[in-house]
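Here is what each chain is made of, one letter per residue.
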Amino acid sequence: MREIYIQYSSNKKYNYLSHIVLKRIEDASMKNITLSSIVIIGILLLFLAASGCITTQDDPKLEPVSEEYYAEMDAALYPYMQSVDEQMKDITASVWNAARELDGVPKKGQAVNLALLKLKSEIPLAYDVERIDEHNILTAIAGELNTSLQVGDEIITNQYTEEDFRAAGSQCIVSTHTEFQTGNQGIKVSAPIYDAEGNFDGTLQVILDGTYLFSGPAEELRTTYGYTVWVAQENGVVIYDEDAYEIGSNLLEPNAAYTPSFMAAANDILENESGHTSYIFYTIDWHKISQTNAVWSTLVPGYGPTWRVILIDNVPPRHELIEPSVTPEELKAFVMNAYVYAQTKGKTAALAAFNDPNGEFIDGELYIFAFETDGTILGLPYQPVLIGTNSWFAEDPSGVKYVQRMIARAQQGGGYVLYLAPNPSAGYSTELKLSYVIPIDNQWFIGAGLYEHTAPISHTVSVDWQTRNELIKQVRTMRYLAAVEGIPAVTEMIMDPTSSFQREGLYPFAITGNGTILAFANNPAIVGTNQLGTLNSYGMSFAREGISLGKSGGGLMYTLAWDSGKQKEVFVLDYVEPAGNDTYFASYMILE
């Protein structure tokens, strides 16, 4: 079969135009094609063909794969499936048991609020935990402070009736992939609640971060076995992919990037519970097409949809370590030069320059990106098809919402932000990235980043997803205990190494909104001192950044922190949640 493929050239200008053609074709396939659309696509295709960027070629022939090779892949898929399955079993069991404890309990009140906080402390993947009445009205919530939901709101997604739960029997209902009223995407787990007379009285619902469910074990899979995964519902909707922009897409809908062999493989995967296949697809860098081999199996997370979990070998080998070619000081200078340009030339001219892949704001691995403060992408020279999309909820493999962290840093006046990202120049290995951001005005900001190639977390250490989950559980348990026993009781427990929530390798602390340390397990000497002015070697304030994160509702962040035992700075993953009374609980794990 003959197919037109857009071949990505080493010339950045042609890559840019190729992205535009793909976007035009995809947009046209989703709506009625107008004469002007045909003309524009035709002109661009002719230009690219004349430039050698488009070739007409045979769909490359699939090479045979041995049963032994597929068996090796199956052996790697099994432990991944098991880890995800165990997580879902633990989650659904916790939700069901909590619902039974709420049977006969009034819909509102302190008892319900505490039950929701306790349940959230048991499920590190939970965005929100909600008590909803029989009319789908929210009566209580333990969620992020910045959530748009309020008690009294109608919950319009995933409404379930008494008949639905009767059909589910003693299982929780697990939703399909959903975009919720808060803007978060994920999965909802629901269980029925009954009144004292046994009548249906509403539901207990937990919204899960679906990416978080799959990404931790996936990073371990890549590091240990050299494979990766993507996950789809049986209706074709992708619920996990390393490329976050694929999440929510449907394999059954037209897509200009899908080759015939991939479409055939996708149909095979969706129609059969398990198997193996091969298909021709673009490599991870989208520069060429090659054979990808896959095995898959089916996971049933509860009553509702089934998930096809597909393990693939489309993973480039790790490259050898290289020293960073750019220093943090040079990174900052590069961004400041762009800042002056934007202030001098204005927004329109600046964005045109920043989005030019052959322009003056491309320097080796450095380029300028631009965002509005609501997360909308304004500038991304190598991925122009993403311009105009919103990345507010974008997160890295550890669950750090790095765009939100960049926005917060820009709103503080600018500075450095750390997160994990795939590095194109290192075979798309996940590496620690250091970005510098600065606001242009109150509406938008710019930045650039460099990869910390030699940081331990980039190559020798992946973030242990189970320890990460324990980190979140620890802080949420502290928050629950503060609601039961008070903040002073929890600060005493932080300083007590024998207290119930202490975990090896985790270092809890408490801090006030003005930067005063109330308790710090790993460094008792700083208790009672103000740490706002203490900066690490990147000029980042561990205290200020943590307080900022806590005030936004809480979450994860990376930073460099002083380790008194090792007498040096170490990379850490920190989790923060507000405890009330302008106090914030946090804990961190060392990533070395």
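See above for the structure.
Basis of the calculations
Residues numbered from 1 in each chain as written. Predicted model: local features only at pLDDT ≥ 70, side-chain atom pairs only at ≥ 80, totals over all residues. Heavy atoms only, no water. Core = buried A, V, L, I, M, F, W, Y, C linked by side-chain atoms within 4.5 Å. Buried < 20%, exposed > 50% of the residue type's maximum accessible area, 1.4 Å probe, protein only. Helix = DSSP H or I, 4+ residues; strand = E, 2+ residues; numbered from the N terminus. Contact = heavy atoms within 4.5 Å. Pairing = 2+ DSSP bridges. Axes fitted to C-alpha atoms, helices over the stretch in contact; angles between N-to-C directions. Phe/Tyr/Trp six-rings, centres within 6.5 Å; stacked < 30°, edge-to-face > 60°. Lys NZ or Arg CZ within 6 Å of the ring centre and 35° of its normal.

Student: What's the story with the nonpolar core in this structure? I'm lost.
Tutor: Buried together is how nonpolar side chains tend to be arranged in soluble globular proteins. Formed by 124 residues in total, the largest nonpolar core has its most connected members in Leu204, Trp307, Phe354, Trp444 and Ile446. By residue number, the principal contributor to this core is helix α3 (residues 67-102), which donates 14 residues. In this view, Ile446 contacts Val335, Ala338, Tyr339, Phe354, Ile368, Phe369, Ala370, Tyr436, Val437, Ile438 and Ile440; residues no more than four positions away in its chain are not counted. Grouped together as the second largest cluster of nonpolar side chains are 18 residues, Ala543, Ile547, Tyr584 and Ile590 included.

Student: Even after reading the chapter, I still don't get the sheet that holds strand β20 (residues 444-451), so can you show me in this structure?
Tutor: Strands belonging to one sheet form pairs held by backbone hydrogen bonds; the direction of such a pair is parallel or antiparallel. Overall, antiparallel pairing links the five strands, which are arranged β17-β16-β20-β19-β18 in an open sheet. A strand with exactly one partner marks an edge of an open sheet, and here the two such strands are β17 (377-379) and β18 (415-423). Ignoring strand direction, the axes of neighbouring strands in this sheet form an average angle of 35°. Pairing of strand β16 (residues 369-372) with β17, which is carried by two bridges, proceeds in the antiparallel orientation. Bridged to Ala370 within β17 is Gly379. Packed on one face of the sheet, helix α9 (residues 347-354) meets β16, β17 and β20 and runs near 20° to β20.

Student: Hey, could you run me through the packing of aromatic side chains in this one?
Tutor: What describes a pair of aromatic rings is the distance from one ring centre to the other and the angle between the planes of the rings. The final tally for this structure, using the stated rule, is 25 aromatic pairs. Taken together, a centroid distance of 6.0 Å and an interplanar angle of 35° make the contact between Phe165 and Phe200 tilted. Separated by 35 residues along the polypeptide, Phe165 in helix α5 (residues 162-168) and Phe200 in strand β8 (residues 200-208) bring together distant segments of the chain. For Phe165, a relative accessible area of 2% corresponds to the buried category. Residues Phe509 and Phe520 carry aromatic rings whose centres are separated by 4.9 Å and whose planes lie at 10° to one another, so their mutual orientation is stacked. Of this pair, Phe509 sits in strand β21 (residues 506-512) while Phe520 sits in strand β22 (residues 517-520), and the two are 11 residues apart along the sequence. Residue classification places Phe520 among the buried positions, given a relative accessible area of 7%. Each residue in the set Trp230, Tyr258, Phe262, Tyr279 and Phe281 is aromatic and connected to the rest through ring pairs, giving one cluster. Over the ring of Tyr212 we find Arg468; its NZ or CZ atom is 3.9 Å from the centre of that ring.

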